[in-house]
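Listed below, chain by chain, are the residues.
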Amino acid sequence: MVKGFYNLTSGILSQTRRLDVIGNNMTNLSTAGYKAETYTDTSFQEVLVSRVGNKDKSGAAVIGSETYILAPDQAYVNFSQGGLRETGLPLDFAIQGDGFFAVQTGGGVEYTRNGSFSLDEQGRLCLKGQGLVLGVDGQPITLTTDQVRADASGRIFSEYDTVTGQGGEYLGQLAVYTFADNEQLTLGEDGLFQGQGAQAAQAPALLWGYTEESNVDMLREMTQMMTAQRALQGGAQVLKLYDSLLTKATTELGRL
C-alpha cells in the first residue's frame, strides 16, 4: 500500500510539470517567433513481478513488469515554422525556413526567431528586454533612425527621400545563423536559445515588415491542459483514499 504513495505522488508531480509547460505555451501564444514545448516523462526502475508460493518459492512464475514512479524526461521544442504576419513596421523581420537571429545578452550570444526589434537609446537595433541584435560582422547594428528599408538578405538601408534626394545609405546587415541539429539547442528562461556550432546562413530568406507568429496550437494546448488537470485531480483523490486506508490500518487493525 505504501508504494502507492510513491506512484501517486510522482504522477501528481509529473502532471504539475506538464501543466507548467502548457501554461507557458499559452502565455506565449502571441509572442513573435515563440516555439511550443512538449513535456515528456519516463518510467523509473522497471522491475519484473513474479508470483511465488507462501512457503515453497521455487516455482516462481513471471507475471510481467511494473515501474515504481514516473520521472521527468525533458521538454521537446517544436521548431516548425509559425505563420507569417505582415505588420508594416520598419524594424520587424521574419525568417522564412531555418535559421535564428543572434542577440548579444548579458550571458553571451543567444538566438531567437523573434524579429520584432526596436532601437535603444543609442540607436542600436535590439530585442526589447533581451539584448542587442548582431549583424553579419558579429557586432551590434547601429541605425540611429527607424526610417529604414531592407531586402530579402537582411541588408538595411536608410529610407530614400524622393524630395530631398537624400538617404539610401547602407546601414548594416542582419545575421542569420543555422545549426546542424536544432534539437541540441537549449531553451533558456528568457525565451532565447543557447547552443554551440552556429553557422552563418549562406542565403537567408527574410521578410521585411513581417513577424513570425508563435507556432502554439491553442486547441491542442487546451485539450492537453484538461487531460492533465483531470489526471491531477484523480491522483489527488486516490491519494486521499490511500491516506484514509493507511490511517485505518494503523489505528483500527492495530488494536486487533
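First things first, this report covers the structure right here in the doc. (Residues numbered from 1 in each chain as written. Predicted model: local features only at pLDDT ≥ 70, side-chain atom pairs only at ≥ 80, totals over all residues. Heavy atoms only, no water.)

With that settled, consider the overall build of the protein. A tally of helices and strands in the protein yields two helices and 18 strands. When the 256 residues of the protein are sorted by exposure, 33% land in the buried category. (Helix = DSSP H or I, 4+ residues; strand = E, 2+ residues; numbered from the N terminus. Buried < 20%, exposed > 50% of the residue type's maximum accessible area, 1.4 Å probe, protein only.)

Tracing the backbone shows K35 in the loop between α1 (2-27) and β1 (37-51). Within the structure, K35 has its side chain in polar contact with the backbone oxygen of S80 (distance 2.9 Å). When sequence neighbours within four positions are dropped, the list of residues in contact with K35 reads V77, N78, F79, S80, Q81, G82, R113, F193, E212 and N215. (Polar contact = N/O pair within 3.5 Å; in protein donor to acceptor, adjacent residues only side chain to side chain. Contact = heavy atoms within 4.5 Å.)

Burial runs high along strand β5 (residues 100-105): five of the six residues are buried. Two strands pair when backbone bridges link them, and β5 and strand β13 (residues 176-178) are joined in this way by two bridges, in the antiparallel orientation. By the bridge assignment, F100 is partnered in β13 with Y177. By the bridge criterion, five bridges tie β5 to strand β6 (residues 108-112) in an arrangement that is antiparallel. Pairing of F101 across the sheet is with T112, part of β6. (Pairing = 2+ DSSP bridges.)

Next up on the list: the sheet that holds strand β12 (residues 170-173). Strands sit in the order β10-β11-β12 across an open sheet of three strands; the sheet is antiparallel. Sheet topology places β10 (148-150) and β12 at the edges, where each strand pairs with a single neighbour. In this sheet, neighbouring strand axes are inclined to one another by 25° on average, regardless of whether the strands run parallel or antiparallel. Taken together, the three bridges between strand β11 (residues 155-158) and β12 define a ladder with antiparallel strand orientation. Opposite F157, over in β12, you have Y170 as the bridge partner. (Axes fitted to C-alpha atoms, helices over the stretch in contact; angles between N-to-C directions.)

Under the defined criterion, the tally for this structure stands at nine aromatic pairs. Geometrically, the ring pair formed by F93 and F117 is tilted, given 6.2 Å between the ring centres and 35° between the ring planes. Here F117 lies in the loop between β6 and β7 (118-119) and F93 lies in strand β4 (residues 93-95), a separation of 24 residues in the sequence. Exposure remark for F93: the relative accessible area of 1% places this residue in the buried category. Consider the rings of F157 and Y170, whose centres lie 5.9 Å apart with planes at 65°: the pair is edge-to-face. Of this pair, F157 sits in strand β11 while Y170 sits in strand β12; the two residues are 13 residues apart in sequence, bridging distant segments of the chain. Judged by relative accessible area, Y170 falls into the partly exposed class, the value being 47%. In textbook terms, an aromatic cluster arises when at least three aromatic residues are bridged by ring pairs, as seen for F79, F100, Y111, Y177, F179 and F193. (Phe/Tyr/Trp six-rings, centres within 6.5 Å; stacked < 30°, edge-to-face > 60°.)

Before going further, it helps to examine the nonpolar core. One finds F93, F101, F117, L125, I156 and L174 to be the most contacted residues of the largest nonpolar core, which totals 18 residues. Of all the elements in the fold, those that place two or more residues in this core are β4, β5, β8 (125-127) and β10. Those residues in contact with I156, other than ones at most four positions away along the chain, are F93, L125, L143, V148, R149, A150, E169, Y170, L171, G172 and L174. (Core = buried A, V, L, I, M, F, W, Y, C linked by side-chain atoms within 4.5 Å.)

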